[in-house]
Amino acid sequence: KLLKKNVISWTALISGFVENGLGSEALTRLKEMEYDGVSPNDVTYVCSLKACGTIGDMEKGSEIHAEIEKNGLIERDIVVGNALLDMYAKCGSIPKACEVFEKLPLRNVVSWSTLIACYAKHEKGEDALKCFEEMKLKGVSPDAITFACSLKACACIGAVSRGIEIHGEIEKTGLLGRDSIVGNALVDMYAKCGYLSKAEELLYSFCKRDAISWNALIAGYVKYKQDEAALNSFEKMQVEGISPDSVTLAYVLKACGSIGAGEKGTKIHIEMDRKILLEQSLIIGNALMDMHAKCGFLMQAHEVFDKISDAD
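As a starting point, this report considers the structure included with it. These numbers come from a predicted model, not from an experiment.

1. What about the overall build of the protein chain?
Then, number 1: Each helix and strand in the protein chain was counted, giving 21 helices and zero strands.
Then, number 2: The C-alpha extent of the protein chain, read off along each of the three principal axes, is 65 × 50 × 30 Å.
Then, number 3: Sequence-distant contacts in the protein chain: of pairs separated by 6 or more residues, those separated by 24 or more amount to 58%.
Then, number 4: Split by element, the accessible area of the protein chain, about 15800 Å² in all, is 54% carbon and sulfur.
Then, number 5: Considering the protein chain, the positive charge centre built from 36 side chains and the negative charge centre built from 44 side chains are found 2 Å apart.

2. Observations concerning the pattern of salt bridges
Then, number 1: For the coordinates displayed, the defined rule picks out 17 salt bridges.
Then, number 2: Note that R162 is salt-bridged to E133, the shortest N-O span being 1.9 Å. Residue R162 is found in helix α11 (residues 160-173), and its partner E133 is found in helix α9 (residues 125-137); the two are separated by 29 residues along the sequence.
Then, number 3: In this structure R162 comes out as buried when scored by relative accessible area, which is 14%.
Then, number 4: Within this structure, E133, K136, R162, E165 and E169 form a network of salt bridges that share partners.

3. Describing the environment of S213
Then, number 1: Inspection of the secondary structure puts S213 in helix α15 (residues 211-223).
Then, number 2: In the structure, S213 is positioned 51 residues away from K264 in sequence and 22 Å away in space, judged by C-alpha atoms.
Then, number 3: In contact with S213, other than residues within four places in its own chain, are N184, V187 and L203.

4. A look at the packing of aromatic side chains
Then, number 1: Counted under the stated rule, the structure contains four aromatic pairs.
Then, number 2: For the pair F101 and W112, a centre-to-centre distance of 4.9 Å together with 75° between the ring planes defines the contact as edge-to-face. Note that F101 is positioned in helix α7 (residues 94-103) and W112 in helix α8 (residues 109-121), a separation of eleven residues in sequence.
Then, number 3: The class for F101 is buried, based on a relative accessible area of 3%.
Then, number 4: Owing to a relative accessible area of 2%, W112 belongs among the buried residues under this scheme.
Then, number 5: Judged by centre distance (6.5 Å) and plane angle (40°), the rings of Y190 and Y195 are tilted.

5. Some details on the packing of helix α6 (residues 78-90) against α7
Then, number 1: It is at 8 Å that the axes of α6 and α7 come closest, and there the two elements cross at 165°. Between α6 and α7, the crossing angle belongs to the class labelled roughly antiparallel. The hand of the α6/α7 crossing is left-handed. Note on element contacts: α7 touches α6 through K96, A97, V100 and F101, opposite G81, L84, L85, Y88 and A89.
Then, number 2: For the contact of α6 with α7, the per-class residue count stands at seven nonpolar, one polar and one charged.

6. With respect to the side chain of S93
Then, number 1: Counting through the fold element by element, S93 comes out in the loop between α6 and α7.
Then, number 2: For S93, a relative accessible area of 11% gives the class buried.
Then, number 3: A distance of 3.4 Å separates a polar atom in the side chain of S93 from the backbone nitrogen of K96.
Then, number 4: Leaving out residues up to four positions away in the same chain, S93 has contacts with M58 and Y88.

7. Observations concerning α7
Then, number 1: Within α7, burial applies to I94, A97, V100 and F101. Within α7, the buried residues cover an arc of 125° as seen down the axis, which keeps them to one side. Every exposed residue of α7 that faces more than 90 degrees away from the buried side is listed here: P95 and E102.
Then, number 2: Between a side-chain oxygen at the N-terminus of α7 and the backbone nitrogen of K96 the separation is 3.4 Å; the capping residue is S93.

8. Focus on helix α20 (residues 282-294)
It helps to recall that an α-helix has 3.6 residues per turn; residues three or four apart then point in one direction.
Then, number 1: For α20, spanning 13 residues, the distance from its first C-alpha to its last is 18 Å, which sits close to the expected 18 Å at 1.5 Å a residue.
Then, number 2: Residues I284, G285, A287, L288, M291 and H292 constitute the buried set of α20. Down the axis of α20, the buried side of the element spans an arc of 165°, and every buried residue falls inside it.
Then, number 3: With its phi angle positive at about 85°, G296 sits one or two positions after the end of α20.

9. A look at the environment of C207
Then, number 1: Within the element layout of this structure, C207 appears in the loop between α14 (196-205) and α15.
Then, number 2: Given the relative accessible area of 82%, C207 is considered exposed.
Then, number 3: Counting along the chain gives 27 residues from C207 to S180, while the straight-line C-alpha distance between them is 10.0 Å.

The rules behind each value
Residues numbered from 1 in each chain as written. Predicted model: local features only at pLDDT ≥ 70, side-chain atom pairs only at ≥ 80, totals over all residues. Heavy atoms only, no water. Helix = DSSP H or I, 4+ residues; strand = E, 2+ residues; numbered from the N terminus. Contact = heavy atoms within 4.5 Å. Areas by Shrake-Rupley, 256 points an atom, 1.4 Å probe, with all protein chains shown as cover. Lys, Arg positive; Asp, Glu negative; His and termini not counted. Charge placed at Lys NZ, Arg CZ, Asp CG, Glu CD. Salt bridge = Lys/Arg side-chain N within 4 Å of Asp/Glu carboxyl O. Buried < 20%, exposed > 50% of the residue type's maximum accessible area, 1.4 Å probe, protein only. Phe/Tyr/Trp six-rings, centres within 6.5 Å; stacked < 30°, edge-to-face > 60°. Axes fitted to C-alpha atoms, helices over the stretch in contact; angles between N-to-C directions. Parallel < 35°, antiparallel > 145°, perpendicular 65-115°, else oblique. Left-handed = near helix turned anticlockwise from the far one by under 90°. Nonpolar A, V, L, I, M, F, W, Y, C, P; charged D, E, K, R; others polar. Polar contact = N/O pair within 3.5 Å; in protein donor to acceptor, adjacent residues only side chain to side chain. Arc of directions from axis to C-beta. Expected span 1.5 Å × (residues − 1).

Below you can see the structure in the form of C-alpha cells.
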C-alpha cells in the first residue's frame, strides 16, 4: 500500500479502470481521491470525462465541466477541451458538444473528428458533411477517423456521390492501403447505399480482410434482399479463416430466414451451440429464433427462446 497517494497515483488508478471499460469504478475512485484532499489535474479530468462518456453519465460529466471552466482549462488545454467535447458527444448531447466546440480557442483534427462523429452517430449526415468541408477550409487535414466518420454520414443519408468524392480524397492520401478503419468504412458506405458490386470489388482488393469488412458486405446484401449472395460471402469469409462474430451471425440467420434456408440455419445453430454463443448474445438468440420461426421450425424456435436468459 502507498503511504501517501498523490494526484499521479490516483490518476493512474482511475485511468486503469477507464481503459478496462469500468467507468463507474473510475468515477468512484475520483470521488475517493477528492475526499482524500487531492485535487485533479488535467490528465485526471481527461480520464474522468472518458469514464462519463463510457457509461453515459452526463450529469457527472457536467459537474466536471463546471470544475474545468472554473480552472480555465478549456482555454489552456486542447486535450481537456477535446475530452469534454467527446464526453458530450458520447452522451448524445449535440447542443452541448457544439457549445464546447465553439469555445475551443484552437481546434485540431481530433476536435473536428469528434464533432463529425457526433453528427454521424445521431444520423445528422448533412451537418457532419458540412463540418467536414468547413474543417478542410480551415486548413485542417482529415485523418483516418475523420474519413471514416464522414463516410458513415454519407451512408446514413444515402449520399453516395459525396462518398465517391471522399473515396477519391482517401486514394490521394494513401490511407486505403494502410488503414483498415478507412477501408471498412468505404465498404460499409457502398453497401448501405446499394452499390454492392463496388463494395465487393473494394473488399476483394484488400490485402487483409477482417470480420468488420465482411459484416459490412453481408449486411448490405441482406438489406437489399440478396440473401444468397450474403450466404456465399459468409462461406468465403469462413474459407479465409475469419471467425464470424455476433453481428455476422445475426445477418446470416436473417438471410436464412428470408429464403427459408432452414437446413443452413440449423447447421449454423449447431455450430453456435458448440461455441456457447447463444447464451452470450441476445442479438444472436433473437436472430436464431426468428430464423427458425420463418422456416416453420416452431419447436426449435421455442427451444431457443427457453435458452435466452434475458429475453426482451
